[in-house]
Each structure stands twice: as structure tokens, then as C-alpha cells.
Amino acid sequence: MNLLQLDRNIAGEPSFRTFVYADRNPLGRTKKQRLLHAPNKPMALLHKRLIKYVLSRGVSMPSATGCIAGWSSKLNAQAHAGNQHLYQIDMRDAYQAVDLEYLATIFEQLDPQLRGQHEEVAAFVKTYCSCALGGLATGANASPLLFNLYCEVRLDRFVREYCELRAISYTRYLDDLTFSSRDRAIGKQRRRDLRSFVEAAGFQVNHSKSRVVDIERQGTARITGILLNSHGHAMLPARWCREFNRQLRAALEGKALNRQQLEGMIGLFYSATDLDHPTKKERELVQLIHRYRHTCATKRRRRRTSL
């Protein structure tokens, strides 16, 4: 499989439809205007091939937990279970900060067939993966994987080496970096060192979203929207759970609701909750979900019978 041949035998011209979207974080309840790139069918097919191509290179990305098979926001938080001291860094507009020329160089290093073809590889990346504002296209199918690949080469491997020598745990959920230590606080100098790695990779630190947390003192830490307590238990925020409870009960009472949104909340609940050790409230939500599923199944059977 050759990167430069991925656009062959595709019916139609691959392209993006760009639009501004008010992105609302369901856990943090924050809102941000994002320029999204919706691929047409030819572009979606090309990105499907691109994802397969990148995965075929067999690159190990041990620090990446976002949009990686086998990982979730819950597991990202649990990677820091048992550690008392946390330091969290958020990278500002991280996709736009990706240097596409450097990304092309990474492809050349991964694939011997591409060596000596930098201009062609860079043109491919800029044609099919770029954002109008620069960097990677937000919303494009392959962008999370390409971002993880870029960060592994330009950021993660250096941060990992630094952290391993200092008994610091490190994970990166896309543009959210989390560091934790069991007994020793991550002091000012070490925090300064960690920020310098981010800046050396060409990213900007969003200081307003960066946090220093002592879990023992504060009780919980919020890691990529998931709460982690001092006992290592991962849970969803109480406010989100109350809203989820309200929507489930409204659905059971037959009130009008956004079913697609509710299904999304159910998926988030199962992916982000530690059901091996559920709390009382989490068990109650599981029971409500089962009742809702049973009600939906009953309605479907009745509709089929009446036809």
C-alpha cells in the first residue's frame, strides 16, 4: 500500500464541506466555536484508506489514549489511579498547530517507498488532510490518528523519557496531557520542564485550563471530564448523572425527548463508568437503562404486530 496511491480509483472528487459548529462538552458543559470539515463520500473513503495505511505501519503510541482502540476517557483517568499529585496541561488549538511539512517528513521516515518524495507527500497531506486555518482538519476521519502519530514523534517520546526517570505517570488524551505522581508533588521546575516540551513541539499551553491537583486534599480530580477519587474510582460528574437520570425517567413516562441524545448519553455512561465497582447511584442508573431498553423493545414488537 502506497500513500501516494490512496486517492486512486475513487469515484468523484474528495472534498470537505466546512462549517462553524458550536461544540458543547457534555461533561464539562463548556462551549466552543469550531470550524469543522465534513468529508464527502470520496474523501471519507480516502480517509478510511489512510487510517488503514497508518495502522499498517505498526507505530507504537503508548502515551496516546484518545481515539485509540482499547482506550476510553475512563481508562485514561484510571491510568492515574493511586497517585496523589496531578498536573494537567491543555494545548490550545492543537490541530491547527500541526506542522504539515513535518507530518510529511514523518511519513517519509515510516515508509521507505516515500523517501526522496517530500514535495509529493507534503502535497498529498495538504490536499486531503489540511484545515483552512492551517494544520489538521477538525472533523476529518483520519485527523485524530494523524494527530496521535505526530505527537508521538514530536512530543510524547521525549515527555515519556523525562517522566520515566522521575516516576511520573503520563497519558495524553488528544490535546489533554495528564501527569501524576504517587507521593511527591510535581513541583514548579518540573511543571516548567513539561511545558517546555509542549512548546518545543510547536504547541501553545492553554494556561487557563492547566491544573495542579492534590487528590487526597481535594477529594477528586477531573481528568478529561471523568472524576477520579482518592480510592482510584472513576465516575461521571454528579450534575451530568442527575441530568441523565432526569432524561431516562422522562423517556419512561412517555414524554417527548431527543432519543439520539439519550442514546449518546447511555453510550457515554457505559464507556465512562467503572461498573465493576458501581456506586449506589450508578446501579440505579443501570436499572433505569434496562427499563428504558425493555420499554423500547416492547414498543417495537407492538408496532411489528400491528402491521
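These notes cover the structure that comes with them. Given the structure is predicted, the values throughout are model-derived calculations rather than measurements.

1. Notes on a positive patch on the surface
Judged by side-chain charge, R259, K299, R300, R301, R302, R303 and R304 come together as a positively charged surface patch. With 6 residues, helix α10 (residues 280–306) is the largest single contributor of residues to the positive patch. Assignment of secondary structure puts R304 in helix α10.

2. Concerning helix α8 (residues 238–252)
Taking 1.5 Å of rise per residue, the 15 residues of α8 would be expected to cover 21 Å, and the 21 Å separating its terminal C-alpha atoms lies within 8% of that figure. For α8, the full list of buried residues reads W240, C241, F244, Q247, L248, A250 and A251. Here the buried face of α8 lies against α9 (259–272) and α10. G254, located one to two residues past α8, shows a positive phi value of around 80°.

3. A word on the sheet that holds strand β9 (residues 226–229)
Read across the sheet, 3 strands follow the order β8-β9-β10 without closing on themselves; strand pairing throughout is antiparallel. Both edges of this open sheet fall to β8 (220–223) and β10 (234–235), since each of them pairs with a single strand only. As judged from the 2 bridges shared by β9 and β10, these two strands associate in the antiparallel manner. Pairing of L228 across the sheet is with A234, part of β10.

4. As for unusual backbone geometry
With a phi angle near 45°, D93 is a residue other than glycine that sits in the positive phi range. A residue is classified by how much of its surface remains accessible, and D93, at 35% relative accessible area, is partly exposed. Located in the positive-phi region is T224, a residue other than glycine, with phi close to 45°.

5. Considerations on the side chain of N76
Among the structural elements, N76 can be located in helix α2 (residues 73–78). Of the polar contacts made by the side chain of N76, one reaches the side chain of T65; its length is 2.8 Å. Setting aside its immediate chain neighbours within four residues, N76 contacts T65, W71, T171, Y173, I223 and T224.

6. Considering the pairing of strand β5 (residues 176–181)
The side chains of a regular strand alternate, residue by residue, between the two faces of the sheet. With 5 of 6 residues buried, β5 lies mostly within the body of the structure. As judged from the 6 bridges shared by strand β3 (residues 85–92) and β5, these two strands associate in the antiparallel manner. Paired with L86 across the strands is S180, a residue of β5. Judged from the 5 bridges that link them, strand β4 (residues 169–173) and β5 form a sheet pairing that is antiparallel. Looking at the pairing, T171 lines up with T178 of β5. The hairpin formed by β4 and β5 contains 2 residues between the paired strands, and L174 there has a positive phi angle of roughly 55°.

7. Quick notes on the side chain of Q247
Of note, Q247 is situated in helix α8. Since its relative accessible area comes to 9%, Q247 is described here as buried.

8. Here's the deal with the pattern of salt bridges
Where charged atoms from two side chains of opposite charge approach closely, those side chains can pair. Inspection of every chain in the model, using the stated rule, returns 7 salt bridges. Notably, a salt bridge pairs R293 with E263, separated by 2.7 Å at the nearest N-O pair. Pair noted here: R293 is in helix α10 and E263 is in helix α9, with a separation of 30 residues, a long-range link. Among the residues examined, R293 registers a relative accessible area of 36% and is labelled partly exposed. Judged by relative accessible area, E263 falls into the partly exposed class, the value being 26%.

9. Considerations on the packing of aromatic side chains
Two aromatic rings, taken as a pair, are described by how far apart their centres are and by the angle between their planes. Evaluation of the coordinates by the stated rule reveals 12 aromatic pairs. Seen from their ring centres, Y87 and F179 are 6.2 Å apart, and the 25° between their planes marks the pair as stacked. Residue Y87 is located in strand β3, and its partner F179 is located in strand β5; the two are separated by 92 residues in the primary sequence. For F179, a relative accessible area of 0% puts it in the buried group. Measuring from centroid to centroid gives 5.8 Å for Y102 and Y150, while their planes differ by 75°, and the two rings are edge-to-face.

10. A word on the nonpolar core
In this structure, L50, F107, F147 and F179 are the most contacted members of the largest nonpolar core, which totals 53 residues. When contributions to this core are tallied by element, the ones reaching two or more residues are α1 (41–56), β3, α3 (100–110), α4 (118–128), α5 (143–164), β5 and α6 (188–200). Considering every element that reaches this core, the biggest residue donor is α5, with 11 residues. If near-sequence neighbours (up to four positions away) are discounted, F107 is found in contact with L3, L50, Y53, V54, L114, V121, V125, L146 and L149. Among the nonpolar cores identified, the runner-up in size contains 27 residues, and A234, F244, A251 and A272 belong to it.

Rules of the game
Residues numbered from 1 in each chain as written. Predicted model: local features only at pLDDT ≥ 70, side-chain atom pairs only at ≥ 80, totals over all residues. Heavy atoms only, no water. Patch = residues over 30% accessible without salt bridge, like charges linked within 9 Å, V, L, I, M, F, W, Y side chains within 5 Å. Areas by Shrake-Rupley, 256 points an atom, 1.4 Å probe, with all protein chains shown as cover. Salt bridge = Lys/Arg side-chain N within 4 Å of Asp/Glu carboxyl O. Lys, Arg positive; Asp, Glu negative; His and termini not counted. Charge placed at Lys NZ, Arg CZ, Asp CG, Glu CD. Helix = DSSP H or I, 4+ residues; strand = E, 2+ residues; numbered from the N terminus. Expected span 1.5 Å × (residues − 1). Buried < 20%, exposed > 50% of the residue type's maximum accessible area, 1.4 Å probe, protein only. Contact = heavy atoms within 4.5 Å. Pairing = 2+ DSSP bridges. Polar contact = N/O pair within 3.5 Å; in protein donor to acceptor, adjacent residues only side chain to side chain. Phe/Tyr/Trp six-rings, centres within 6.5 Å; stacked < 30°, edge-to-face > 60°. Core = buried A, V, L, I, M, F, W, Y, C linked by side-chain atoms within 4.5 Å.

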